[in-house]
Amino acid sequence: MKLPPNEQLIIALDVDKESVALELVDELKEYCVTFKIGAQLFTKCGPKIVEKIHHKGCQVFLDMKYHDIPNTVAGAIRAAVDMDVFMCTIHVSGGTKMMQAALEARGDRLTPKLIGVTVLTSMDQPMLEEVGVMKTLEMQSNLLVNLAQKAGIDGVVASPQEVFRIRQTVDKNFIIVTPGIRPEIVADDQKRVATPKEAIRLGANFLVVGRPVICAPSPIKAAEQITREMWEAK
Ligand code: C5P
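Residues numbered from 1 in each chain as written. Predicted model: local features only at pLDDT ≥ 70, side-chain atom pairs only at ≥ 80, totals over all residues. Heavy atoms only, no water.

A. View of the nonpolar core. Residues Phe 35, Ile 37, Ile 49, Ile 53, Ile 77 and Ile 90 are the most contacted members of the largest nonpolar core, which totals 71 residues. For Ile 90, the residues in contact, after removing those within four places along its chain, are Lys 65, Tyr 66, Val 73, Ile 77, Met 98, Met 99, Ala 102, Ile 115, Gly 116, Val 117 and Ile 153. By size, the runner-up hydrophobic cluster in this structure holds ten residues, among which are Ile 10, Phe 61, Phe 86 and Phe 206. (Core = buried A, V, L, I, M, F, W, Y, C linked by side-chain atoms within 4.5 Å. Buried < 20%, exposed > 50% of the residue type's maximum accessible area, 1.4 Å probe, protein only. Contact = heavy atoms within 4.5 Å.)

So, in C-alpha cells, the structure goes:
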C-alpha cells in the first residue's frame, strides 16, 4: 500500500554538496515534507539551498542552533523569517532574553517554529562539569525545558530517552523534535537511540533522521520503512 507523505518525518541533509542534497530531496519528497539543513550544508551552500528546496515544494528546518547576544539572534531570526523556513533552532542556555528577542523578531507569524536545544545529546556528565554545570544531566535538561516553556518558544529538541519525561511536564502544544532514530530493522543496542515507532509512542512530534536514510543503499526504501513504522505507532 502506498503511504501518504509523512509530515512528522524530517530528513537531515547532512551532506556538503548542493547537487547531492537536491537529489535526495527529489528522491525522498514522496515520503517527506520537511528537510533539515544544518551548519554543514548551510555554510557550504548559503541561503540559495533553502530557496531551491522550497522550489521543489518542500519545507526547511534550518538547524543552526543560534546562541549569541539577543540582538544578534534576533537578526538571525529575521533572516530566517525572510527565507520563510518552517522551523529553526536556538540554544535555550542563551537565556530568556535571547529567546524573547527571537520571539519578538518572528513577530506575530506562526513560523519559523522556534525550537530550543537543551543539553546536546553528545554531552555526558563529565563534559557538563567541564563547562561548569554541576547539576545532573537530567536536572539540567529539566531546567532548560522549563525555561524554554516559560520564555514561550514553541518546543525543544530532545533525545528519545527524554521525550516521555518531557511530554509529562509540558503543554500539549509544546513541540518535541527527536533525533537519534534508528529503524527497527537496523536498531542495535546503542543507548541513546529509539525506533520510529517508540519515539512516536513516547510523545515526539517530529523525528529527525539523517544517516539511516541518506547513507542507506536505497534512501527511498529506508524512508518508506521509517514511514511505515511511524504509521504503525498510531
Ligand atoms: O545521522 P543521524 O540520524 O544520527 O542525524 C541526526 C541529526 O540530528 C543530525 O543532523 C544532528 O545534527 C541532529 N541532532 C540534533 N541534536 C542532537 C543530536 C542530533 O539536532 N542532540
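B. Structural detail: the pattern of salt bridges. Throughout the structure, instances matching the rule amount to nine salt bridges. Across the pair Lys 52 and Glu 18 runs a salt bridge whose closest N-O atoms are separated by 2.8 Å. Here Glu 18 lies in helix α1 (residues 18–28) and Lys 52 lies in helix α3 (residues 48–55), a separation of 34 residues in the sequence. A salt bridge links Arg 106 to Asp 154; the shortest N-O distance between them is 2.6 Å. Here Arg 106 is found in helix α5 (residues 96–106), whereas its partner Asp 154 is found in the loop between α7 (137–151) and β6 (155–157), with 48 residues between them in sequence. Of the two residues, Arg 106 and Asp 154, both sit in the buried class. (Salt bridge = Lys/Arg side-chain N within 4 Å of Asp/Glu carboxyl O. Helix = DSSP H or I, 4+ residues; strand = E, 2+ residues; numbered from the N terminus.)

C. Just the site of the ligand, in detail. In the vicinity of the ligand, 14 residues are found, and the nearest of them are Asp 14, Lys 36, Thr 121, Gly 210 and Arg 211. A distance of 3.0 Å separates an oxygen atom of the ligand from a polar side-chain atom of Lys 65. Contacts to the ligand include Gly 210, whose backbone N or O atom sits 2.8 Å from an oxygen atom. Every element with two or more residues in the shell around the ligand is listed here: β3 (59–66), β8 (206–209) and α10 (211–214). (Near = heavy atom within 4 Å. Polar contact = N/O pair within 3.5 Å; in protein donor to acceptor, adjacent residues only side chain to side chain.)

D. Region of interest: the sheet that holds strand β2 (residues 32–38). Within the closed barrel, the eight strands sit side by side as β1-β2-β3-β4-β5-β6-β7-β8. Their pairing is parallel. This sheet shows a mean twist of 25 degrees between the axes of neighbouring strands, independent of strand direction. Where strand β7 (residues 175–178) lies against β8, two bridges are found, and the strand directions are parallel. In the strand pairing of β8, Val 177 is matched with Phe 206. (Pairing = 2+ DSSP bridges. Axes fitted to C-alpha atoms, helices over the stretch in contact; angles between N-to-C directions.)

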